[in-house]
Amino acid sequence: MAHSRPAKRSLFRRRRFLVFPVLLTLLFLFLSPWSLPSALDLTNFRATLSRASIVHFVQQKSAPEEIYGLLHFVTSPDDRMLSHSIELAPAEPIDMAVYLSGDSDDWRIHTRKLKEQYPLVVFSKSYCPYSKKAKKLLASYNLSPPPKIVEVDLRGEFYDGDFIKLILTRLTNHSTFPNIVLNGKGLGGSDSLHTLHAQGKLKRMFESAGMSVREDIVVEQESQ
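Now for a description of the structure that goes with this document. Keep in mind that what you see is a predicted model, and the values were worked out from it rather than measured.

### Concerning helix H10 (residues 190-198)
Within H10, burial applies to Ser190, Leu193, His194, Leu196 and His197. Buried residues along H10 cover an arc of 160° about the axis, so they all sit on one side. Those residues of H10 that are buried are in contact with helix H8 (129-140), strand E4 (179-182), strand E5 (185-188) and helix H11 (202-208). Of the residues flanking the end of H10, it is Gly200, one or two places downstream, whose phi is positive at about 75°.

### So, the environment of Val150
Along the chain, Val150 turns up in strand E3 (residues 148-151). Spatially, the C-alpha atom of Val150 lies 9.6 Å from that of Leu71, the residues being 79 residues apart in sequence. In contact with Val150, not counting residues within four places along its chain, are Val74, Val121, Val122, Phe123, Ser124 and Arg155.

### A word on the sheet that holds E4
Read from one edge to the other, the open sheet built from four strands follows the order E3-E1-E4-E5, with strand pairing classed as mixed. Because the sheet does not close on itself, it has two edges, and the strands there are E3 and E5. The sheet shows a mean angle of 25° between the axes of neighbouring strands, direction not considered. In this structure, strand E1 (residues 120-124) lies alongside E4, joined through four bridges in antiparallel fashion. Paired with Val122 across the two strands is Ile180, which belongs to E4. Here helix H4 (residues 66-74) sits on the sheet in contact with E1, E3 and E4, set at roughly 75° to E1. Helix H9 (residues 161-172) rests against E1, E4 and E5 of the sheet, and its axis sits at about 55° to E4.

Thresholds, definitions, all that
- Residues numbered from 1 in each chain as written.
- Predicted model: local features only at pLDDT ≥ 70, side-chain atom pairs only at ≥ 80, totals over all residues.
- Heavy atoms only, no water.
- Buried < 20%, exposed > 50% of the residue type's maximum accessible area, 1.4 Å probe, protein only.
- Helix = DSSP H or I, 4+ residues; strand = E, 2+ residues; numbered from the N terminus.
- Arc of directions from axis to C-beta.
- Contact = heavy atoms within 4.5 Å.
- Pairing = 2+ DSSP bridges.
- Axes fitted to C-alpha atoms, helices over the stretch in contact; angles between N-to-C directions.

Here you go:
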């Protein structure tokens, strides 16, 4: 007990000595003739947080994912070609208006329709053995609604498969065909699909996406 008061005084002195350097540093920053870096410039920061910037940020966050824009585009009954409709940089985010292509409905309507009609979309190449293998496995599940198959090599007179591949690579982190999308999320390719099947996970995933699987079928295990 005799040493408690000196100990408290010593602690107070140490704190006081730490406060002075901090105050001097702050004083130097505010009175210094040099400008702060833009990252630390409070004036610039306030300008960045203008009302227009905040509204734009909220709109970006509330917009549907671009994958649904692509799905809407490729499942449209019209013969729409990305590579010939507008000059695009497929490795960069694409304006959702491009995917709408004149459709007047808002994205909530299109997204809901896609989830109901095409919860499972397979981007395939008609001649690709891996695509054929994946489509055969999916057919054995007898899904309802059935998967929407997009044969990118058969998309009309003007081929846009290279554009679709680049966009899918950016959106799903999978760069080859088939590229399988379930409820707006990439599942990968044929190998990933068969791995999920071997683990007994596919049926539950399809049902969670709103699809029905016939209970009386027997899904045969296929060799990898």
